[in-house]
Amino acid sequence: MLQFDYDALVALAAVVREGRFDAAARSLNVTQSAVSQRIKQLEEKVGSVLIVRGRPCVPTEAGLQLCRHIEQVTLLQHELSDRMSALAGSSGASAATIRISVNNDSLATWFPGVIRRAVDELSVRFDIIPDDQEHTEQSLKSGDALAVVTASEKPVQGCRRVSLGSMDYLAVASPEYHSEHFSGGVDLDAIRESVVLAFDRKDTIQEQWMMLCFGEAAQVSTHMIPSYEGYLACCLRGVAWGLLPSIDAAPRIETGDLIELIPGKAVRVALHWQASTQASEILRRLGDLVLEEAMIHLAPDTFRPD
């Protein structure tokens, strides 16, 4: 059985987090040569490359697994320190940091409530990897994150899944854009002559909405806007039409700032929380907070753990 030098594992995690050896050294308050030496010795012990040197430095699969291990150990150490401090009658340790992946739309709408509560109730800090809900699970599979909000229903091996509910997406446009492009009604011909917004090339929500409404998806000119704030601003300013979470879109429809293209036709995306079963009590309690906030903000679904 390999016996790991935990200073070396911490150095590895710092390089992965910061993307550079010099930045990792500064974050650990050691020299860059010390970081390099620790990782070199760790690679020799493991017998494989753990970091692909570059800009940024990228971990190999083995490197990610070790990073995941040290993050779990760090959480367990944090909990132990808190318990020992409580026994001694002193204040707790510094806040633990949890690396998770959350889909962009949740991060821009309901998930900040989770962050606020977690800071107050669990004394944690977050290192969040944003991505599309269809792809966040890759961070869990690779070991880059300890937990994720994902659209994937299939539990990742070694993880526990909890159904959170569904996020509804409404197709909307500004009154000006609607008047210019959809005054004669919203059909496939009008859609083909319009311009739609997409978050990035992995974003398929527009095609899903067209299939829901028309049974087929038309070819549409697309603006790629990889920012929730930018996407929303483009909708409001009449750049194009797009799909927004009903959490954000519904109030703007009520005020007249946006118009729903076809009322009652929402794309429903089920979301799930997946977290490592080998992680700490802090991560379990975080999962409870995520579920509580989801039940407030998301459309009702089957709220049950697997």
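Above this text you will find the structure in question.
The rules behind the values
- Residues numbered from 1 in each chain as written.
- Predicted model: local features only at pLDDT ≥ 70, side-chain atom pairs only at ≥ 80, totals over all residues.
- Heavy atoms only, no water.
- Helix = DSSP H or I, 4+ residues; strand = E, 2+ residues; numbered from the N terminus.
- Buried < 20%, exposed > 50% of the residue type's maximum accessible area, 1.4 Å probe, protein only.
- Contact = heavy atoms within 4.5 Å.
- Areas by Shrake-Rupley, 256 points an atom, 1.4 Å probe, with all protein chains shown as cover.
- Arc of directions from axis to C-beta.
- Pairing = 2+ DSSP bridges.
- Salt bridge = Lys/Arg side-chain N within 4 Å of Asp/Glu carboxyl O.
- Patch = residues over 30% accessible without salt bridge, like charges linked within 9 Å, V, L, I, M, F, W, Y side chains within 5 Å.
- Phe/Tyr/Trp six-rings, centres within 6.5 Å; stacked < 30°, edge-to-face > 60°.
- Right-handed = clockwise from strand over helix to strand, strands pointing away.
- Disulfide = S-S within 2.5 Å.
- Axes fitted to C-alpha atoms, helices over the stretch in contact; angles between N-to-C directions.
- Parallel < 35°, antiparallel > 145°, perpendicular 65-115°, else oblique.
- Left-handed = near helix turned anticlockwise from the far one by under 90°.

A.B. asks: Could you give an account of the overall build of the protein, with specific residues and numbers?
C.D. replies: In terms of helices and strands, the protein carries 13 helices and 11 strands. Looking at the protein as a whole, 48% of its 306 residues qualify as buried. Sequence separation of at least 24 residues holds for 73% of the intrachain contacts in the protein that already meet a minimum separation of 6. When the accessible surface of the protein is totalled, it reaches about 14900 Å², and 50% of it is carbon and sulfur.

A.B. asks: Give a description of helix H11 (residues 228–236) that names residues and reports values.
C.D. replies: Burial in H11 covers these residues: Tyr228, Tyr231, Leu232, Cys234 and Cys235. Angular distribution of buried residues about the axis of H11 spans 160°; they occupy a single face of the element.

A.B. asks: Would you mind going over the pairing of strand S3 (residues 96–103) in detail, with residue names and values included?
C.D. replies: With seven of its eight residues buried, S3 lies for the most part within the structure. Both S3 and strand S4 (residues 124–131) contribute to a ladder of eight bridges, which runs parallel. Counted as the bridge partner of Ile98 is Phe126 from S4. With two bridges joining them, S3 and strand S5 (residues 147–150) adopt parallel strand pairing. Each bridged residue has a counterpart across the sheet, and for Ser101 the counterpart in S5 is Val148.

A.B. asks: For the pattern of salt bridges, give the residues involved together with the corresponding values.
C.D. replies: Under the definition given, this model contains 13 salt bridges. The salt bridge partner of Glu292 is Arg117, with a shortest N-O separation of 2.7 Å. Taken together, the residues Glu292 in helix H13 (residues 281–297) and Arg117 in helix H6 (residues 111–122) connect sequence positions 175 residues apart.

A.B. asks: Can you tell me about a nonpolar patch on the surface, naming the residues and giving the values?
C.D. replies: Among the surface-exposed residues, Val49, Val52 and Val58 lie close enough to one another that they form a single nonpolar patch of about 240 Å² accessible area. Among the secondary structure elements, Val58 is positioned in strand S2 (residues 58–59).

A.B. asks: Go over the packing of aromatic side chains with me, naming the residues and quoting the values.
C.D. replies: Using the criterion set out here, one finds four aromatic pairs in the structure. On the basis of an interplanar angle of 90° and a centroid distance of 5.9 Å, the ring pair of Trp209 and Phe214 is categorised as edge-to-face. For Trp209, a relative accessible area of 0% puts it in the buried group. Summarising the aromatic geometry, the rings of Trp209 and Trp241 are spaced 5.3 Å apart at their centres and angled 55° between planes, so their arrangement reads as tilted. Of this pair, Trp209 sits in helix H10 (residues 205–214) while Trp241 sits in the loop between H11 and strand S9 (242–245), placing them 32 residues apart in sequence. Neither residue differs from the other here; Trp209 and Trp241 are each classed as buried.

A.B. asks: Describe the pairing of strand S8 (residues 221–224), listing the residues and the values that go with them.
C.D. replies: Where a strand is regular, its side chains alternate between the two sheet faces. As defined by bridge partners, strand S7 (residues 195–198) adjoins S8 across four bridges and the pair is classed as parallel. When the sheet's bridge partners are listed, Val195 is paired in S8 with Ser221. In this view, the connection linking S7 to its parallel neighbour S8 by way of H10 has right-handed handedness.

A.B. asks: Lay out the state of the cysteines with the relevant residues and their values.
C.D. replies: Under the definition given, this model contains zero disulfides. Its sulfur unpaired, Cys235 is 7.4 Å from the next cysteine sulfur, which belongs to Cys234.

A.B. asks: Report on the packing of helix H1 (residues 6–18) against helix H2 (residues 21–28), specifying residues and quantitative values.
C.D. replies: The interhelical angle for the contact between H1 and H2, taken along N-to-C directions, is 120°, at an axis separation of 8 Å. Taken together, H1 and H2 sit at an angle that is classed as oblique. Between H1 and H2 the crossing geometry is right-handed. Residues Val10, Ala11, Ala14, Val15, Arg17 and Glu18 of H1 lie in contact with H2, whose contacting residues are Phe21, Ala23, Ala24, Ser27 and Leu28.

Function cannot be inferred from these measures alone, as they are strictly geometric.
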